[in-house]
Amino acid sequence: MSGALDIEAIRRRLATGDGRRFWRSLEEAAGTPELAALLEQDFPRQVAAGLGVGRRQFLQLMGASLALAGLGACTRQPQQEIVPYAKAPEDGIVPGEPLFFATAMPLDTGVYGLLAESHMGRPTKLEGNPEHPASLGGTDVFAQASVLGLYDPDRSQVVRSAGEIRPWSAFFQTLHAAMQTQRTKDGVGIRILTETLTSTTLHDQIIAFNSELHSARWIEYEPINRDNALLGLQAAIGTDAAFYNRLEGADVIVAFDADLLGSGPNALRDTRAFSGRRRPGGRKPMSRLYVAEPMPTVTGAKADHRLAVRAGDVEAIARAVAAGVGAYGVTAAAAAGPHAQWVEAVVKDLTAKRNSTVVVAGPAQPPAVHALVALINDAVGNTNATVANVRPFAGGREQVAALGKLVEDIDAGKVDLLIIAESNPVLTAPVDFRFAERLQKVPLRIRLGLYEDETSRLCHWHLPAVHYLESWSDVRGIDGTTSIIQPLIAPLYDGKTVHELLAACMRKDESDRVPTSYEIVRDYWSRQRAGDSTAFWRRALHDGIVEGTTGAALRVDRDVEYLPKMAESIPLGDGLEITFRPDPAVYDGRFANNAWLQELPRPMTKLTWDNAACIAPVTAERLGLASGDVVELRLEGRAVRAPIWIVPGHAPEAVTVHLGYGREHGGRVAEGVGFNAYAIRSSTAPWIARGLQIHKTGEHHEFATTQHHHDMEGRDVVRGATIAEYQRDPKVIREQGEEAPGAGETLYPPVRYDGYAWGMAIDLNACTGCSACVIACQAENNIAVVGKDQVSRGREMHWIRVDRYFEGSADTPAIHHQPVPCMHCEDAPCEVVCPVNATTHSNEGLNQMVYNRCVGTRYCSNNCPYKVRRFNFYLYSDWSTESLKLQRNPDVTVRSRGVMEKCTYCVQRIQYAKIKAEEDDRTVRDGEITPACAQACPAEAIVFGNQNDPESRVAKLKAEPRNYGLLAELNTRPRTTYLAELRNPSPDLEKA
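Below is a summary of the structure that appears in this document. (Residues numbered from 1 in each chain as written. Predicted model: local features only at pLDDT ≥ 70, side-chain atom pairs only at ≥ 80, totals over all residues. Heavy atoms only, no water.)

Here we come to the packing of aromatic side chains. Under the definition given, this model contains 19 aromatic pairs. Judged by centre distance (5.8 Å) and plane angle (40 degrees), the ring pair of Trp-525 and Phe-536 falls under tilted. In this pair, Trp-525 sits in helix α18 (residues 517–528) while Phe-536 sits in helix α19 (residues 533–543), placing the two residues eleven residues apart along the sequence. Where Tyr-905 meets Phe-944, the ring centres are 5.1 Å apart and the plane angle is 70 degrees; that geometry is what we call edge-to-face. With Tyr-905 in the loop between β35 (900–901) and α26 (907–919) and Phe-944 in strand β36 (residues 942–946), this pair connects stretches of sequence that are 39 residues apart. Since its relative accessible area comes to 5%, Phe-944 is described here as buried. Connected via pairs of aromatic rings, a cluster forms that spans Trp-168, Phe-171, Phe-172 and Trp-461. Lying over the aromatic face of Phe-871, Arg-858 brings its terminal NZ or CZ to 5.5 Å of the ring centre. Directly above the ring of Tyr-753 sits Arg-975, whose terminal nitrogen or CZ lies 4.6 Å from the centroid. (Phe/Tyr/Trp six-rings, centres within 6.5 Å; stacked < 30°, edge-to-face > 60°. Helix = DSSP H or I, 4+ residues; strand = E, 2+ residues; numbered from the N terminus. Buried < 20%, exposed > 50% of the residue type's maximum accessible area, 1.4 Å probe, protein only. Lys NZ or Arg CZ within 6 Å of the ring centre and 35° of its normal.)

Here we come to helix α9 (residues 267–276). Among the ten residues of α9, nine are classified as buried, and the element is accordingly described as predominantly covered. Turning to α9, its buried residues number three or more, namely Ala-267, Leu-268, Arg-269, Asp-270, Thr-271, Arg-272, Ala-273, Phe-274 and Ser-275. The inward-facing, buried residues of α9 abut β3 (110–119), β9 (242–245), β10 (252–256) and β11 (288–293). (Contact = heavy atoms within 4.5 Å.)

This paragraph deals with the packing of helix α7 (residues 200–212) against helix α17 (residues 498–505). Running from N to C, α7 and α17 point in directions that differ by 15 degrees, and their axes come no closer than 10 Å. One finds that α7 runs roughly parallel with respect to α17. Crossing handedness for the pair α7 and α17: left-handed. Along its contact with α7, which presents Thr-201, Leu-202, Gln-205, Ile-206 and Phe-209, the element α17 presents Val-498, His-499, Leu-502, Ala-503 and Cys-505. The residue inventory of the contact of α7 with α17, partitioned by class, reads seven nonpolar, three polar and no charged. (Axes fitted to C-alpha atoms, helices over the stretch in contact; angles between N-to-C directions. Parallel < 35°, antiparallel > 145°, perpendicular 65-115°, else oblique. Left-handed = near helix turned anticlockwise from the far one by under 90°. Nonpolar A, V, L, I, M, F, W, Y, C, P; charged D, E, K, R; others polar.)

This part covers the pattern of salt bridges. On inspection of all chains with the given rule, the structure shows 59 salt bridges. In this structure, Asp-154 and Arg-668 form a salt bridge, with 2.8 Å as the shortest nitrogen-oxygen distance. Highlighted residues: Asp-154 in the loop between α5 (141–150) and β5 (159–161) and Arg-668 in the loop between β25 (654–658) and β26 (688–700), separated in sequence by 514 residues. In this structure, Glu-519 and Arg-513 form a salt bridge, with 3.1 Å as the shortest nitrogen-oxygen distance. (Salt bridge = Lys/Arg side-chain N within 4 Å of Asp/Glu carboxyl O.)

What follows covers the nonpolar core. Core analysis: the biggest nonpolar cluster contains 147 residues, and Phe-142, Leu-633, Val-657 and Trp-758 have the highest contact counts within it. The element that contributes the greatest number of residues to this core is α5, accounting for seven residues. Apart from the residues lying within four places of it in its own chain, the contact partners of Val-657 are Ile-578, Thr-579, Phe-580, Arg-581, Ala-612, Ala-613, Leu-633, Phe-675 and Ala-677. Core analysis: the next-biggest nonpolar cluster, separate from the first, contains 34 residues, Ala-216, Leu-444, Leu-463 and Leu-501 among them. (Core = buried A, V, L, I, M, F, W, Y, C linked by side-chain atoms within 4.5 Å.)

On to the packing of helix α8 (residues 227–237) against helix α13 (residues 367–379), then. Interhelical geometry of α8 versus α13 gives an angle of 50 degrees and a closest axis separation of 7 Å. It follows that α8 is oblique to α13 by the angle criterion. Two packed elements cross with a definite hand, and for α8 against α13 that hand is right-handed. Along its contact with α8, which presents Asn-228, Ala-229, Leu-231, Gly-232, Leu-233, Ala-235 and Ala-236, the element α13 presents Pro-367, His-370, Ala-371, Ala-374 and Leu-375.

Now for the state of the cysteines. Among covalent bonds in proteins, the disulfide is the one between the sulfur atoms of two cysteines. Evaluated as defined, the whole model comprises zero disulfides. Cys-834 carries a free sulfur, and the closest cysteine sulfur to it, the one in Cys-860, is 6.3 Å from it. Taking the relative accessible area as the measure of exposure, Cys-834 reaches 18% and is therefore buried. (Disulfide = S-S within 2.5 Å.)

What follows is the structure, encoded as structure tokens:
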């Protein structure tokens, strides 16, 4: 669909009630004939059209998910002993019995504590470590998809110099000669560039390196850095500090452009704590969330009061709040205009709930906002209560300035040897640094990386790095908790770790052996825990946590005189604003070659295989733009072409672009997808800039978005109320929709299920829409990707989708998320129409698919009111590559072309638990079976169990007044039900 929409007509339609209460896009709110025609088809788009893409082109799109070439069919375990999370059988590995090993994945300044599932020595699935304070058993899309990155065939496999394959010995010889020269100069010409350092062992190595070569310099740089928070806290409390939240104790949360539930080092922990406080009937009252942000995020979608405001205007609002609560040294007047009531409500709640609130600013906000937030938290008693300040380990250095100094040194001819470990500055460095040009001035350039990417192409030596699942290291979280990263598999290729590269630099003699990363990490911790090293080591590997490493909170006395030198923000000026954000799926570009993540619908836009210039409906109306229009974004004399995407709820006169796309090198999946927003991102305005110019090109871009797929024919499927309405009358939820017919109102009496009756309850009050469940299901159930063309035809294969609905006006809508797996209907419409009995019902209430019976009539999908069945139009799963089995779950069938598939409640996990229970002569205990979606969910929004057991969690949730069935009036009697979403608005703002 193309063409500009009449935004004013949409506003009138929504305001008068002529439109739907819940809507998924502006086209749906407008009721356009084009959308109606699209939705009349059996499948969402162009089902009757030809396949439209050849198999050769299709395989190129699939990348790591389908084209696993070059790997051996067999796997090798690490040579060193690794310790499983659960006790291994005495006779070793048992075929068919998975083992779980604790490990960790570093990202940003944080860490994911993980349990890796291993089948016969090959990792296939990742889960959160329930003992790790940063994950608490939950994961996100990055952790879930990282197992696919391990088996990516586009990963670097060999050492290269000047494009030629060379042996490691040749590189070590070159490195040794360079280091010998530098030793005579005290290392004055050496620079080491890494990403944010989170490894204590590597930190110790760098200290040892600098103690020998005093003039060598180490630089940290990532495009998604914490510079602003570091500078802001320095200004506010006079010392280097980092912080983390304790949302479990927060009655009121205020987020200034902070997606604390969706990204950042504490997102999993914060999500668990926040969702725990959003359930009615708990020991503590339901929390209240205020959010001020430019573009809707998963945090903004959960807000009780969301303020759509330009990122550059957040500081004025934060100053008004700080003045209102009496923060030290802040005298700004209260915000005027449309934000005054919002500020007054925030101030009232913060002062009324002293010692039990949290105020947080996002990394994009300038240092002044972070300083203001620290002062607000101190003024209302949050410091050392709900907000813990700690000494920073990771992200404790200003990164943009350090990279700028490196560029200056290169220009001055001071850099003879530059070692770049995993960072990709040619892509991600501020554009005004002209890093690609400067890099080529360095006499010897060495790059260690997973891919031969943009930076490796300009280096003399490219060295293959190892994936974290095949290497030894350690990683420290923001609260100090440290984990040992233990490998699940020996390196698939001949790669090295940064530990080994640095150790090679420190060799005195060329004949000296380079120690392995295992030896380096083990030696470091042996020195730390002398006398108990063996027992300590085994315990740390088993638990996934190094005991005694959690740091104490940095004591900040509330009576201390804060240094009144808060850094003032650089005046932004007027004009159209642009903000730069990490992408919800590819982050800063490091995951761009992961096909699972590229095909994942983004939580707010439902775009796949693309990024866009996101703008508000009112801005699109003023500029005469429609979604898909290609424009040129001009900023500070630089330009990039980008397609427009209109986002309801976006702040007016602002544009949001996501980083990590437009890759020129980095794998077959990544290359040519989206546009490169780094091309206009400068060091002076890395997050927010004003003066953006938009120029139409007259071209149109076709997006692959899922937001119009699987229409519910106008039915409102999301239910909700305020907590006050629910407490006054719990029946308010049931009254919002029709219920299933009673026993005397139907010709189909209920079937009685003896024994187990499996069911699922999804709490929409807890769900944030993060989509971790989608990727977890894909990894667990061998679900293939289909590519952009097939997604645009409505043929995505995800077994669980997360629908996103808007409610209210196009400019300031409420936002709702609803995960939709198979409903496992007791009266299943799909079963009665299947001519070959391929879809059947089990005696435990499961709606089953017999794949080898299916002949592809698709009658079942036509008759499914929930549209949760997926059909293999192509042979999406590559059966010809033996090495593909490395990642696949051996307990789940790999499907072929012409077969219908869908959610099974992870029946393989059900059967496994039943077999174990039978061996012990008992019944399956509640909580013993956790489907992949529920296990991944950091919010614990999905609960599964035996609903015949009245003491089970799922039975108790289904008995709540909030529980309802989706389209229950159809009498399908779904086993998957929902708990309605409740909001906790401020009474003052509700009256206003």
